[in-house]
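Structural characterization, general
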Amino acid sequence: MGVINVTPDSFSDGGLYATAGSAVARGRALIDEGADILDIGGESTRPGAQPVSLDEERRRTLPVIEALAGCGWPVSIDTRKPELMREALAAGASMVNDIGALESQHALEIVTRTSAAVCLMHKQGDPQTMQQNPHYDDVVTEVQAYLVQRMEAARRAGIAQSRIVIDPGFGFGKTQEHNIALLRDLSALTALGVPVLAGLSRKAMLGRIAGRQPHERVHASVAAALFAAQQGARILRVHDVTATCDALAVWRALAGTIDVSTESGTGSGQ
Ligand code: HH2
């Protein structure tokens with residue numbers, strides 16, 4: 001899943017794709033790089049981020065969704081706002097990526113009325129304050145229990161399990177220890193029988209390990225993405241699609257999950 005942040009203030013690429021034209025071009029480039037899904041967001045949810053109005057989020061995202069919806073690849077709307085979910089799905093999006101796990105009023109019914117896929121993500125608190133004092137007695141058990149409860153709510157509302165993806169929400173109300181525990185124990189989520197999405201790309205938890213600024217965390221992000229894939233993550237939400245795809249291709253070939261004799265590539269050099 002390639003990330004397109006149509007925002008001025010996203011933590012790693014804010015302002016780079018803030019116009020519709022640049023965001024659409026970015027989307028096309030990410031497809032060329034190998035993305036299977038495009039995730040379009042108009043509100044930064046980094047720690048401390050200021051909320052964005054519905055009008056502004058709509059203005060940022062809808063033209064981009066309309067332009068990319070016909071590209072042949074699934075387009076996802078990354079939003080917490082039910083009204084924007086509805087409008088984005090009407091404009092051609094086929095997935096809702098909600099860091100609020102469809103808890104907002106009417107969000108469940110809006111998604112239920114469509115055939116869209118949905119990503120239910122765990123977070124503790126809200127972006128403005130979530131990193132102030134995150135606390136869990138047992139982070140893995142609590143995140144797992146929350147996602148089970150949200151999956152059940154979605155199913156009760158009429159969303160088939162085959163439409164559901166879950167996500168532990170790395171960096172959303174979690175300390176470094178919480179994030180690492182969740183990544184090491186990702187099998188607690190993959191065991192729930194729906195695809196797990198991992199959003200680790202360029203995040204502070206990697207900066208704390210590798211000691212780099214967000215845009216310099218490509219290598220750290222690729223390492224984390226591979227680890228997540230090895231733990232069973234099925235969707236990797238990333239900014240650096242080429243780097244991630246190359247690493248995944250090599251890992252799959254080495255792990256024997258693809259037939260290397262049929263692979264194409266230049267293979268030049270020793
Ligand atoms: N992380 C971000 C945004 N949306 N959605 C899911 N499902 N999982 C995530 O981990 C996730 C997400 C934050 O990353 P980014 O969009 O690059 O930054 P910002 O929120 O500053 O725009």
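Residues numbered from 1 in each chain as written. Predicted model: local features only at pLDDT ≥ 70, side-chain atom pairs only at ≥ 80, totals over all residues. Heavy atoms only, no water.

Side chains carrying opposite charge are able to pair once their charged atoms draw close together. Counting across every chain of the model gives 15 salt bridges. Arg60 serves as the salt-bridge partner of Glu56, at 2.9 Å between the closest nitrogen and oxygen. In this pair, Glu56 and Arg60 both sit in helix 2 (residues 54-68), 4 residues apart, roughly one turn of the helix. By relative accessible area, which is 24% here, Glu56 ends up partly exposed. The salt bridge partner of Asp126 is Arg80, with a shortest N-O separation of 3.6 Å. Of this pair, Asp126 sits in the loop between strand 5 (117-121) and helix 5 (139-157) while Arg80 sits in the loop between strand 3 (75-78) and helix 3 (82-90), placing them 46 residues apart in sequence. A relative accessible area of 41% means that Asp126 is categorised as partly exposed. (Salt bridge = Lys/Arg side-chain N within 4 Å of Asp/Glu carboxyl O. Helix = DSSP H or I, 4+ residues; strand = E, 2+ residues; numbered from the N terminus. Buried < 20%, exposed > 50% of the residue type's maximum accessible area, 1.4 Å probe, protein only.)

Next up on the list: the site of the ligand. As a structural note, the neighbourhood of the ligand is formed by 18 residues, with Ser10, Ser44, Asn97, Asp167 and Lys203 the closest of them. Within the contact set of the ligand, a nitrogen atom lies 2.5 Å away from a side-chain nitrogen or oxygen of Asp167. (Near = heavy atom within 4 Å. Polar contact = N/O pair within 3.5 Å; in protein donor to acceptor, adjacent residues only side chain to side chain.)

What follows deals with the sheet that holds strand 1 (residues 2-5). As summarised here, the arrangement of the 6 strands in space is 1-2-3-4-5-6, forming an open sheet in which the pairing is parallel. The open sheet has two edge strands with one neighbour each: strand 1 and strand 6 (164-167). The mean inter-strand angle of the sheet, taken between neighbouring strand axes irrespective of direction, is 20°. With 4 bridges connecting them, strand 1 and strand 2 (residues 38-41) associate as parallel partners. Paired with Val3 across the strands is Asp39, a residue of strand 2. Sheet strands in contact with helix 2 are strand 1, strand 2 and strand 3, and its direction is about 155° off that of strand 2. (Pairing = 2+ DSSP bridges. Axes fitted to C-alpha atoms, helices over the stretch in contact; angles between N-to-C directions. Contact = heavy atoms within 4.5 Å.)

This brings us to the nonpolar core. Core analysis: the largest hydrophobic core is formed by 66 residues, its most contacted members being Leu102 and Leu236. The greatest single-element share of this core, amounting to 8 residues, is contributed by helix 5. Setting aside chain neighbours within four positions, we find Leu236 in contact with Met1, Ala198, Ala225, Ala228, Ala229, Thr244 and Leu248. (Core = buried A, V, L, I, M, F, W, Y, C linked by side-chain atoms within 4.5 Å.)

Attention now goes to the pairing of strand 6. Burial of the side chains of strand 6 extends over both faces: Ile164 and Ile166 are buried on one face and Val165 and Asp167 on the other. Here 4 bridges tie strand 5 to strand 6, and the two strands are oriented parallel to one another. By the bridge assignment, Met121 is partnered in strand 6 with Asp167. Read from strand 5 through helix 5 to strand 6, the crossover connection turns out right-handed. (Right-handed = clockwise from strand over helix to strand, strands pointing away.)

Before going further, it helps to examine the pairing of strand 3. By the alternation rule, side chains of strand 3 split into Val75 and Ile77 and Ser76 and Asp78, which are all buried. In the sheet, strand 2 pairs with strand 3 via 4 bridges, with the strands oriented parallel. Bridge pairing in strand 3 links Ile40 to Ile77. The handedness of the strand 2 to strand 3 crossover, carried by helix 2, is right-handed. Bridging between strand 3 and strand 4 (residues 95-98) involves 3 bridges; their strand directions are parallel. Counted as the bridge partner of Ser76 is Met95 from strand 4. Of the crossover connections in this fold, the one passing from strand 3 over helix 3 to the parallel strand 4 is right-handed.

Geometry of a packed helix pair, given as the angle between the helix axes and the separation of the axes. The interhelical angle for the contact between helix 9 (residues 218-230) and helix 10 (residues 241-255), taken along N-to-C directions, is 45°, at an axis separation of 10 Å. On the basis of the axis angle, helix 9 is oblique to helix 10. Judged by the sense of rotation from one axis to the other, the crossing of helix 9 with helix 10 is right-handed. The segment helix 9 lies against helix 10, with Val218, Val222, Ala225, Leu226, Ala229 and Gln230 engaging Ala243, Thr244, Ala247, Leu248 and Trp251. (Parallel < 35°, antiparallel > 145°, perpendicular 65-115°, else oblique. Left-handed = near helix turned anticlockwise from the far one by under 90°.)

All right, on to unusual backbone geometry then. Backbone geometry follows two general trends: most residues other than glycine have a negative phi, and most peptide bonds adopt the trans configuration. In this structure, His106 takes a positive phi of about 75° despite not being glycine. Looking at the secondary structure, you find His106 in the loop between strand 4 and helix 4 (107-112). Relative accessible area serves as the criterion here: at 42%, His106 is assigned to the partly exposed category. If you check the backbone angles, Arg202 has positive phi at about 60° while not being a glycine.

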